[in-house]
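Architecture and fold: a report
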Amino acid sequence: MIVPMTRYSVLVFHRDFATFMEKLQQEGLLDIRQNEVHTPQADTEFYPILQRIEKVQRAFKLEAKELKESKGQLTEVSVDMAAVTDGESYLAKAESALADKKELTARITESKAALKKAEVWGEFDKDKLARLQKESGLRLVPASMSEKYFPQGEALAALPVEEIGRESGSIYFVYVCPLEEAQGLTAESLSAIMGASVSLCELPSRTAAQWKEKIRQEELDLAVSRAIIRFLLEQQEILKSYKTDLMNRLEYKTVSLNVPEEAEGSLRFIEGFLPTEKCEAFEEFLNREMVVYESVAAEKLPEEETPKIPVLLRNNRFAKLFEPITLLFSLPNYREIDLTPMLAPFFMAFFGFCFGDAGYGLLLIAIGLVLSKKLPASYKGFAWLAFWFGVSTVIFGGLSGTFFGISLVEVGALGKVRDYIFDSNKMMTLSLVIGGVQILFGMVMNVLRITKEQGFKYALSKVGWLAIIVCGGLLVGAPMMGITLPAAACYPLYVLVGMGALLAFFYNSPGKNPLLNLGLGLWDTYNTATGLVGDLLSYIRLFALGLTGGILGAVFNELAVTAGTGIGVPVVSQLIMLVILLFGHSLNIALCALGSVVHPLRLTFVEFYKNAGFEGGGKPYRPFSIQH
């Protein structure tokens, strides 16, 4: 149901405005209508900081996952760091630690690549090498070439070349020559000397030992950064509290800037809505603050104000589970009827019909019960939704006679129970019957909606169509099913059909010309006839999806048995059967789950909502309050 709302208009003197708004936020009751000249995204004081916090929190999620996976492999480093007590310093410390870790990780990768290159050249002292070259007048020119073309034997002995090392099919060497020759030496000239393509190289800036020492120091620094991050991860509540405080201040600033000014800025005009049941407590607050206010029940506001009235849903424990499904499409507007309690049993039945396997239903029940104990309170509703979907699946899977792909009709041990299992024709008829019931129920809800919004006389034409469909359906359908209605029942039905036709054709637009009503009635006849047939046939998809899931389950069972018996090796054949069964039924469950959500959503949001005259567009009730 939709909770009744009341609109409050409050005038506040500009000097008292800031104090009043702070107290109003603490009350947390009023959903304030704003001009929206200032949005949170346009704020330059709080929004950039909140973006930084979001970035750090996303990074910390990855860090927590990495820490969990690498537990026991991280270098333990003692970090002497005072506890971070405020959010601002925590954020700065976190950003610094994350940046240091990223930079050090990149540097270590580069250093390891450099080490790999340095290891080829071995250990050397660059200063001694430079002094030696100066004293001797010779130059050592580092180069590399393919191992395949490197000179061998006498050819190598005749060249002033010394092999240094080998790596990935290449030989690294130095070519010894006088200073004058080295100054004009190029890769092409050296290639001519060596008899094959040569690449000139540069000696590494550090030896392998020096690179290893550098990597050791960088890894130590990285361990320190990780230790700081682990320390900060343990105190994330500081960052969460800081974020909550900033969001409250941002909301206060946004709402305050969007409140219109009156009387040349001397007054502020605050207008908003709150549930009628909370009016008494809110008015006590307003009286204590000694402000001028006026209240009006939302039902008394003009029609054009409807989109501005916030909507708060309140349903029983069962129907509340299905509110997320309602929100996937839209909230009802304030003057509509909340269809959540009406769609709940149908959606549950549709899901079970599409899943169509009693064994899969038992799995869903078990999963729902386990998750209801494991998940946080805010997510328990989804666990219970899975439970009720499982109950529905067991019921419709039992009706169709399918249990993990096994046809229960063929199980002799069930005895007379098999007589209650529906065949394909009965299941298809059942899908159409359920669809017809939901369509008629939707039409009834449309009558109630029109009555609530405009008055009962405007809904009489819809009542007429209901009489034509229901009573006419009984007169035509009963003989087709072999049921003979007594005359005492037929005559009242004929009368109701006639009265329904009069309402549908001559009272579809109260107060208008009867001839115009007749024309509109004929047009409605065409739309209703074609629309109802198309809507009703859409429900066959329930039968089709349930049948498909059962067939796929049976195919995987047969495939497992065939593969297992074909091998003939006792243990191996059982393992192969188990693998095929687990993979096949897991795939089938995933496909059935997808279809069992998507298609009931379509039937709800298209067929049911259309026949119920659902408009939607409601705005959720969001009071100006302090978040905790």
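Predicted model, so just to flag it, every value in this text is computed and none were measured. Going along each chain's sequence as written, the residues are numbered from 1 onward. With pLDDT at 70 or above as the cut-off, local features in this predicted model cover only qualifying residues; side-chain atom pairs require 80 or more to be listed or tallied, and sums for whole chains, interfaces and linings still use all residues. Side-chain figures throughout are based on the complete set of non-hydrogen atoms in the structure, without hydrogens or water.

By the criteria applied, helices consist of DSSP H or I runs no shorter than four residues and strands consist of E runs no shorter than two, each listed in order from the N terminus. The secondary structure content of the chain amounts to 21 helices and 13 strands. When its C-alpha atoms are laid out on the principal axes, the chain stretches across 125 × 90 × 50 Å. Think of it in three bands: with a 1.4 Å probe and only protein chains considered, a residue is buried below 20% of the maximum accessible area for its type, exposed above 50%, and partly exposed in between. Out of the 628 residues belonging to the chain, those deemed buried represent 41%. In these tables, accessible area is a Shrake-Rupley quantity obtained with a 1.4 Å probe, and a residue counts as shielded only by the protein chains included in the view. Carbon and sulfur atoms provide 62% of the accessible area of the chain, an area that totals close to 34,900 Å². When charges are counted, Lys and Arg contribute as positive and Asp and Glu as negative, whereas His and the chain ends are disregarded. For charged residues, the charge sits on one atom: NZ in Lys, CZ in Arg, CG in Asp, CD in Glu. Counting 60 positive and 68 negative side-chain charges, the chain places the averaged centre of each group 4 Å from the other.

Two strands form a pair only when DSSP identifies at least two bridges running between them. Reading across the sheet, the four strands line up as β4-β5-β3-β6 and stay open at both edges, with antiparallel pairing between neighbours. Each edge of the open sheet carries a strand with a single partner, namely β4 (161-167) and β6 (198-200). The sheet shows a mean angle of 30° between the axes of neighbouring strands, direction not considered. Inspection of the sheet shows strand β3 (residues 138-146) paired to β6 by three bridges, in the antiparallel sense. Considered in β6, the bridge of Ala143 is made with Leu200. Its contacts with the sheet place helix α7 (residues 187-194) against β3, β4, β5 (170-178) and β6, and it is angled at close to 140° to β6. Convention adopted: a line fitted to C-alpha atoms gives each axis, helices being fitted over their contacting stretch, and angles between N-to-C directions are expressed from 0 to 180 degrees. Here, two residues are considered to be in contact whenever any of their heavy atoms come within 4.5 Å of each other.

This next bit is on helix α21 (residues 570-612). What a helix is expected to span follows from its residue count: subtract one and scale by 1.5 Å. Given a rise of 1.5 Å per residue, 43 residues ought to cover 63 Å, and the 60 Å separating the end C-alpha atoms of α21 matches this to within 8%. Bend is computed residue by residue as the angle between axes fitted to the seven residues ending at the residue and the seven residues starting at it. At Thr604, α21 shows its largest kink, close to 25°. Backbone geometry just after α21 places Gly613 at a positive phi near 70°.

The subject of this paragraph is the packing of aromatic side chains. Centre distance and the angle of the planes are the two values used to describe a pair of aromatic rings. Aromatic pairs are defined between Phe, Tyr and Trp rings, using the six-membered ring for Trp, whenever the two ring centres lie within 6.5 Å; interplanar angles under 30 degrees are classed as stacked, those over 60 as edge-to-face, and all others as tilted. In this structure the tally under the stated criterion is 30 aromatic pairs. Taken together, a centroid distance of 6.3 Å and an interplanar angle of 45° make the contact between Phe346 and Phe350 tilted. Note that Phe346 and Phe350 are positioned in helix α13 (residues 340-355) at a spacing of four residues, about one turn of the helix. Accessibility assignment for this pair places Phe346 and Phe350 in one class, buried. Ring centres 5.4 Å apart and planes at 50° place the aromatic pair Phe605 and Tyr609 in the tilted group. On the criterion of helical spacing, the pair formed by Phe605 and Tyr609 is a turn pair, its members being four residues apart in helix α21. In this structure Phe605 comes out as buried when scored by relative accessible area, which is 15%. A relative accessible area of 3% places Tyr609 in the buried class. We call a charge positioned above a ring when the Lys NZ or Arg CZ atom is no farther than 6 Å from the ring centre and deviates by at most 35 degrees from the ring normal. Just above the ring of Trp211 sits the side chain of Arg206; from NZ or CZ to the centre is 5.1 Å.

All right, on to the packing of helix α3 (residues 87-121) against helix α8 (residues 208-233) then. As a packed pair, α3 and α8 sit with axes 8 Å apart at the nearest point and diverge in direction by 160°. By the angle class used here, α3 and α8 are roughly antiparallel. You can see that α3 and α8 cross each other, and the crossing is left-handed. Note on angle classes: values under 35 degrees are labelled roughly parallel, values over 145 roughly antiparallel, values of 65 to 115 roughly perpendicular, and the remainder oblique. The crossing is said to be left-handed when, going from far helix to near helix, the turn is anticlockwise and less than a right angle, and right-handed when the turn is clockwise.

Core analysis: the largest hydrophobic core is formed by 32 residues, its most contacted members being Phe20, Met21, Leu24, Ile270 and Phe282. Of all the secondary structure elements, the ones that give two or more residues to this core are β1 (5-13), α1 (17-27), α9 (236-258), β8 (267-275) and α10 (279-289). What Met21 contacts, discounting residues up to four positions off in sequence, is Ile32, Tyr252, Val255, Ser256, Val259, Ile270 and Phe624. In terms of nonpolar packing, the next biggest core, distinct from the first, is built from 23 residues, Phe355, Tyr360, Phe608 and Phe614 among them. For this analysis, a nonpolar core means a set of buried residues of the types Ala, Val, Leu, Ile, Met, Phe, Trp, Tyr and Cys, connected via side-chain atoms within 4.5 Å.

Right, let's get into the pattern of salt bridges. A side-chain nitrogen of Lys or Arg and a carboxyl oxygen of Asp or Glu constitute a salt bridge if their distance falls within 4 Å. One pass over the full model with this rule turns up 29 salt bridges. For the salt bridge of Lys619 with Asp31, the shortest nitrogen-to-oxygen distance reads 3.9 Å. Separated by 588 residues along the polypeptide, Lys619 in strand β13 (residues 619-620) and Asp31 in strand β2 (residues 31-32) bring together distant segments of the chain. What makes Asp31 buried here is its relative accessible area of 4%. Note that Lys101 and Glu66 form a salt bridge whose closest N and O atoms lie 3.1 Å from each other.

As for its position among the elements, Thr402 is in strand β11 (residues 402-403). Assessed through its relative accessible area of 12%, Thr402 is described here as buried. Each residue touching Thr402, except ones within four places of it in the same chain, is listed here: Gly356, Asp357, Ala358, Gly359, Gly397, Leu408 and Gly550.

In this section: the state of the cysteines. The definition used for a disulfide is geometric: two cysteine sulfur atoms within 2.5 Å. The full count for this structure, using the stated rule, is zero disulfides. In this structure Cys177 is a free cysteine whose sulfur lies 15 Å from that of Cys201, the closest cysteine sulfur available. Of the cysteine sulfurs around Cys354, a residue in no disulfide, the closest is that of Cys592, at 9.0 Å.

This brings us to the pairing of β5. In this structure, β3 lies alongside β5, joined through nine bridges in antiparallel fashion. Residue pairing in the sheet places Ser146 in a bridge with Ser170 of β5. Pairing analysis gives six bridges linking β4 to β5, with the strands arranged antiparallel. Paired with Arg166 across the bridge in β5 is Ile171. Between β4 and β5, which pair antiparallel one after the other, the connecting turn spans two residues, and Ser168 there sits at a positive phi close to 50°.

What follows covers the side chain of Asn333. With respect to the helices and strands, the residue Asn333 is situated in the loop between α12 (323-329) and α13. For Asn333, a relative accessible area of 9% puts it in the buried group. Counting of polar contacts relies on pairs of N or O atoms within 3.5 Å, with two restrictions inside protein: one atom must be capable of donating a hydrogen and the other of accepting it, and residues adjacent in sequence are counted only when both atoms are side-chain atoms. Reaching out from Asn333, the side chain makes a polar contact with the backbone nitrogen of Arg335 at a distance of 3.1 Å. There is a polar contact of 3.5 Å between the side chain of Asn333 and the side chain of Glu615. The residues touching Asn333, leaving out its near neighbours within four places in the chain, are Ile2, Thr306, Val311, Glu615, Gly616 and Gly618.

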